[in-house]
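Fold and contact review
Residues per chain are reported as follows:
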Amino acid sequence: QQVKVAEALASVETARMVLEAVADRAIGILEQGRLPTDAERTGFRCQSAFAGRLAISAVQIVWEAAGGAVIYDTNPISRGFRDVSTANRHTTQAWDLNAATHGRVMLGLPLDNPAL
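This text gives an overview of the structure that appears in the document. Remember, it's a predicted structure, so these values are computed and weren't measured experimentally. (Residues numbered from 1 in each chain as written. Predicted model: local features only at pLDDT ≥ 70, side-chain atom pairs only at ≥ 80, totals over all residues. Heavy atoms only, no water.)

As for the overall build of the protein
What counts is decided by this rule: Strands are runs of DSSP state E lasting at least two residues, helices are runs of H or I lasting at least four, and both sets are numbered from the N terminus onward. As a reference, a globule follows 2.2 Å times the number of residues to the power 0.38, and the radius of gyration itself is taken over C-alpha atoms. A simple rule labels every residue: compare its accessible area, found with a 1.4 Å probe on the protein chains alone, to the largest value its type can have, and call it buried under 20%, exposed over 50%, or partly exposed in between. By definition, residues are in contact when any of their heavy atoms lie within 4.5 Å.
Looking only at helices and strands, the protein features 4 helices and 0 strands. In sequence order, the protein lays out its α and β elements as α-α-α-α. Here the C-alpha radius of gyration of the protein, 17 Å, is well above what a compact globule of 116 residues would show, namely 13 Å. With respect to the three principal axes, the spread of C-alpha positions in the protein is 50 × 25 × 25 Å. Expressed as a percentage of its 116 residues, the buried residues of the protein come to 26%. Long-range pairs, those at least 24 residues apart, make up 59% of the contacts in the protein with a sequence separation of at least 6.

Okay, here's the thing in structure tokens:
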């Protein structure tokens, strides 16, 4: 259980560092008085979605280590699992969509996502 706790915490802490780095870079761009490039915008979304994957990983680690009682609605781990699972289904957190868009731009192809 100690290893599971450490792994979950490392996932959450790493996700936080990724998100803070994305925010710092975005603020730096705005302070330069410019808008982000397509590569920067898609990178921000891709890296943020990856942070979401790390957060989901942390919750899944705890979920799997929690035993059978975790399935009940009264268990706070169950609520956390449902919440993070729901959040992960939002377009901004959809890993495949965001990774494909960023990979496309990084390969020199035009941005095909008008939402960005």
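Describing the environment of Q93
As for its position among the elements, Q93 is in the loop between α3 (76-87) and α4 (95-106). Separated by 33 residues in the primary sequence, Q93 and Q60 place their C-alpha atoms 16 Å from one another. Apart from residues no more than four positions distant in its own chain, Q93 is found in contact with S48, A49, G52, A87, N88 and N98.

A short note on α4
Note the following rule: To estimate how far a helix should extend, the number of its residues minus one is multiplied by 1.5 Å. As used here, the arc belongs to the directions running from the helix axis to the C-beta atoms.
With 12 residues, α4 ought to run about 16 Å at 1.5 Å a step, and its terminal C-alpha atoms sit 16 Å apart, in line with that. Turning to α4, its buried residues number three or more, namely N98, T101, H102 and V105. Looking down the long axis of α4, one finds its buried residues gathered within 95° of arc, a one-sided arrangement. Buried-residue contacts for α4 involve α2 (38-65). Just beyond α4, the residue with positive phi is G108, at close to 85°.

Observations regarding the pattern of salt bridges
Worth spelling out the cut-off: Take a side-chain nitrogen of Lys or Arg and a carboxyl oxygen of Asp or Glu: if they are within 4 Å of each other, that pair is a salt bridge.
Here the structure, examined in full by the defined rule, presents 5 salt bridges. E40 serves as the salt-bridge partner of R34, at 2.8 Å between the closest nitrogen and oxygen. Given the relative accessible area of 23%, E40 is considered partly exposed. Between R41 and D38 there is a salt bridge, with its nearest N and O atoms 3.0 Å apart. Here R41 pairs with D38, and both are found in helix α2, just 3 residues apart, close to one helical turn. Given a relative accessible area of 25%, R41 falls into the partly exposed group.

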